[in-house]
Amino acid sequence: MKKVNLVWLRNDLRIDDNSALYHAAQDKNCAVFALYFVCQKQWQEHWVGSNQQALIFAALSELKQQLRKLNIPLLILDAGHFSQVPELMQQVVTQLKVDDCYFNREILLNERERDKQVYNRLKDQVKFHSYNDQTLISPHKIVTKEQQGYKVFSDFARAVKSYLADYPLQNFSSPKAKEKSNFNFFDFTQLAEQQFVIDKASIIKKEHTVFSAPSLPEINEKKIHQQLERFCKSALSDYAEQRDYPAISGTSALSAALAVGSLSIKRCYTLAKQSVNERQSQTWINELIWRDFYRSVAWHFPHVVKGHAFNPVDKQLTWSNNTEHFAAWKNAQTGIPIIDAAITQLRQTGWMHNRLRMIVASYLTKNLWIDWREGERFFAEHLFDYDFASNNGGWQWCASVGTDAAPYFRVFNPASQQQKFDPDTSFIKQWLPALKAQPAKNIHKFETLSLPNYPSPQVNLKATRQQAIEAFKQAKG
DNA sequence: AGACCATTACA
DNA sequence: GTAATGGTC
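Residues numbered from 1 in each chain as written. Chains lettered and ligands numbered in written order. Predicted model: local features only at pLDDT ≥ 70, side-chain atom pairs only at ≥ 80, totals over all residues. Heavy atoms only, no water.

**A closer look at the overall build of chain A**
Then, in step 1: The helix and strand inventory of chain A stands at 21 helices and 5 strands.
Then, in step 2: Relative to its length of 477 residues, chain A is compact, with a C-alpha radius of gyration of 24 Å against a globular reference of 23 Å.
Then, in step 3: Judged by the C-alpha coordinates and their principal axes, chain A covers about 80 × 50 × 45 Å.
Then, in step 4: When the 477 residues of chain A are sorted by exposure, 56% land in the buried category.
Then, in step 5: At a minimum sequence separation of 6, the contacts of chain A that also span at least 24 residues come to 79%.
Then, in step 6: By element, 48% of the accessible surface of chain A is carried by carbon and sulfur atoms, the whole surface being about 21,800 Å². (Helix = DSSP H or I, 4+ residues; strand = E, 2+ residues; numbered from the N terminus. Rg over C-alpha atoms; globule rule 2.2 N^0.38 Å. Buried < 20%, exposed > 50% of the residue type's maximum accessible area, 1.4 Å probe, protein only. Contact = heavy atoms within 4.5 Å. Areas by Shrake-Rupley, 256 points an atom, 1.4 Å probe, with all protein chains shown as cover.)

Take a look at the structure:
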């Protein structure tokens, strides 16, 4: 009887540089199966929107084909909710006579709880092998002298770099194809395998807006790697100069692939290092480390995963519940061109340039004084690249309630931001047809702009900025 | 990962 | 008038 290895896939829908898959497939004489649980109820609880859900289904469909070429069957089971996973896992393990189970560790609480349940239920039946694969370095390995999680990014980044200098990253190539016989080794019909049809119409619920459903980002691993190589070769050295201009394609645009795990973060790091010199790769590498940083924060300070801000000052703040203000922000009707253009980009493409994420977040929290959790949720529902730790960390940063957050008095002025980062207004005009005919000069002076088909600003920027700073001062006592 | 205001130093 | 500089929020 052949040994049977099971790879339990979760947030790592890829073949390249997948630690668990690589190790599971090492032994020549074993049969290897891959498994994925669809948990749409759980996703809804996690605010995962229809965009990212559709992307996950696309990634699964793609991965199933690729794994088939390696003679590794991918079982996709509908679990509905994490709570159903242990029972289903038990069935799979029994049915397939699994000896060893391989998986890459996750960082957030619900995921870890699910994994603990599975382990406790099956530890006597199956040998488990787990790997760190989601971050450059396991969160528990980067700690301060006091054995605590870092609260300041620059210190964290220094620690990461020095760790990587001592222990270089290991990348794992795609596993070699297994024997064909694996496919008819077991009787799959006994398992209620559910084939998921990638039917966007059934997944994407049309919203009552003027925005249409965006098309899916690239999810084929080969093409993603080409994209990464192209970026490293031709854009990485200019990244520091170009990344802040939304009209320029100066960023890698790989975030969606990273979010569902079609691309390995370790692969990004290694390739960036190889492609250009230290100075040229530094800025982008730091962005990769920000991703590790917010995962580290979520690991060491888990109250941020439960809806709380890192900084207790958040509890002293009373946010506005002005639903008209919030609705205008969500529908690109604020009357501030850079913000309405950014929201339109998000709604039409499922992606928003990072500079714009900061601008719209600052405006929502500081000028409209709306709870950052509302913005966090809106982003979750629309972004293909939605990632709890990065999104949560970013919103807390903008709202000045996070670790190493923007000081509370640092309020972005949307007027100077668009002046600086979209001087010729080409980005704004790309997304706001109503302003197409206006000269840039007028668009930058939007507070005095009066047009029949474009709204006037909702609030006074200067006054609301002042109020936000005052409210923080009061809250801090 | 900022902005504002006052003060200079110049046209 | 207006661009650069520095302290303050």
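**Focus on the sheet that holds strand E2 (residues 30-38)**
Then, in step 1: Pairing is parallel in the open sheet, where 5 strands are placed in the order E3-E2-E1-E4-E5. Sheet topology places strand E3 (74-78) and strand E5 (127-131) at the edges, where each strand pairs with a single neighbour. Pairwise comparison of adjacent strand axes, ignoring direction, gives a mean angle of 25° for this sheet.
Then, in step 2: Of the strand pairs in this sheet, E2 and E3 are connected by 5 bridges, and their pairing is parallel. Directly across from Leu35, in E3, lies its bridge partner Leu75. (Pairing = 2+ DSSP bridges. Axes fitted to C-alpha atoms, helices over the stretch in contact; angles between N-to-C directions.)

**Focus: the packing of aromatic side chains**
Then, in step 1: Taken as a whole and judged by the stated rule, the model has 28 aromatic pairs.
Then, in step 2: Here the aromatic rings of Phe231 and Tyr239 are separated by 6.1 Å at their centres, their planes lie at 85°, and the arrangement is edge-to-face.
Then, in step 3: Tyr239 sits in the buried class, given a relative accessible area of 6%.
Then, in step 4: With 6.4 Å between their ring centres and 15° between their planes, Trp329 and Phe379 make a pair best called stacked. Residue Trp329 is located in helix H13 (residues 323-330), and its partner Phe379 is located in helix H16 (residues 372-382); the two are separated by 50 residues in the primary sequence. By the burial criterion, Trp329 is buried, and Phe379 matches it.
Then, in step 5: In textbook terms, an aromatic cluster arises when at least three aromatic residues are bridged by ring pairs, as seen for Tyr150, Phe153, Phe156, Trp290, Phe293 and Tyr294.
Then, in step 6: The side chain of Arg10 reaches across the aromatic face of Trp8, ending 4.4 Å from its centre.
Then, in step 7: Directly above the aromatic system of Phe82 lies the positively charged group of Arg114, at a separation of 4.5 Å from the ring centroid. (Phe/Tyr/Trp six-rings, centres within 6.5 Å; stacked < 30°, edge-to-face > 60°. Lys NZ or Arg CZ within 6 Å of the ring centre and 35° of its normal.)

**A look at the pattern of salt bridges**
Then, in step 1: Per the stated rule, a full pass over the model turns up 19 salt bridges.
Then, in step 2: As a salt-bridge pair, Arg121 and Glu87 come within 2.6 Å of each other at their nearest N and O atoms. Of this pair, Arg121 sits in helix H5 (residues 109-122) while Glu87 is found in helix H4 (residues 85-96), placing the two residues 34 residues apart along the sequence.
Then, in step 3: Judged by its relative accessible area of 39%, Arg121 falls in the partly exposed class.
Then, in step 4: For Glu87, a relative accessible area of 35% corresponds to the partly exposed category.
Then, in step 5: Here Asp314 ties to Arg373 by a salt bridge, and the two come within 2.4 Å at their closest N and O atoms. Here Arg373 lies in helix H16 and Asp314 lies in the loop between helix H12 (278-300) and H13, a separation of 59 residues in the sequence.
Then, in step 6: According to the relative accessible area criterion, Asp314 is buried, its value standing at 6%.
Then, in step 7: You can call Arg373 partly exposed: its relative accessible area is 22%. (Salt bridge = Lys/Arg side-chain N within 4 Å of Asp/Glu carboxyl O.)

**Things to note about H5**
Then, in step 1: The end-to-end C-alpha separation of H5 is 20 Å, in line with the 20 Å expected for 14 residues at 1.5 Å each.
Then, in step 2: Listing the buried residues of H5 in full gives Glu111, Arg114, Asp115, Val118 and Leu122. Taken down its axis, H5 places every buried residue within 95° of arc, on the same side.
Then, in step 3: The inward-facing, buried residues of H5 abut strand E1 (3-9), H4, strand E4 (100-104) and E5. (Expected span 1.5 Å × (residues − 1). Arc of directions from axis to C-beta.)

**Things to note about the UniProt feature "domain: Photolyase/cryptochrome alpha/beta" (unreviewed entry) in chain A**
Then, in step 1: Here the UniProt feature "domain: Photolyase/cryptochrome alpha/beta" (unreviewed entry) sits at residues 3-136.
Then, in step 2: Along residues 3-136 one finds 43% helix and 23% strand; the C-alpha atoms at either end are 31 Å apart. (UniProt positions renumbered as here; feature names shortened; annotations may be inferred.)

**Examining the side chain of Gln438**
Then, in step 1: Assignment of secondary structure puts Gln438 in the loop between helix H19 (426-431) and helix H20 (440-444).
Then, in step 2: If we skip the residues at most four places from it in the chain, Gln438 touches Lys429, Ile443, Leu449 and Leu451.

**Some remarks on the protein's contact with DNA strand B**
Then, in step 1: With respect to spatial proximity, 15 residues lie near DNA strand B, and among them Trp290, Arg355, Arg410, Val411 and Gln417 are the closest.
Then, in step 2: If you look at DNA strand B and keep only atoms within 4 Å of the protein, 57% of those are sugar or phosphate atoms.
Then, in step 3: Take Arg355: an N or O atom from its side chain is 2.4 Å from a phosphate oxygen of DNA strand B.
Then, in step 4: One of the side-chain nitrogen or oxygen atoms of Lys462 is found 3.5 Å away from a phosphate oxygen of DNA strand B.
Then, in step 5: Put simply, the parts of the chain that give the surface near DNA strand B at least two residues each are helix H15 (354-367), helix H18 (414-421) and helix H21 (461-475).
Then, in step 6: In terms of residue count, H18 provides more of the surface near DNA strand B than any other element does, 3 residues in total.
Then, in step 7: Along the lines of polarity and charge, the residues of the surface near DNA strand B split into 6 nonpolar, 3 polar and 6 charged. (Near = heavy atom within 4 Å. Polar contact = N/O pair within 3.5 Å; in protein donor to acceptor, adjacent residues only side chain to side chain. Nonpolar A, V, L, I, M, F, W, Y, C, P; charged D, E, K, R; others polar.)

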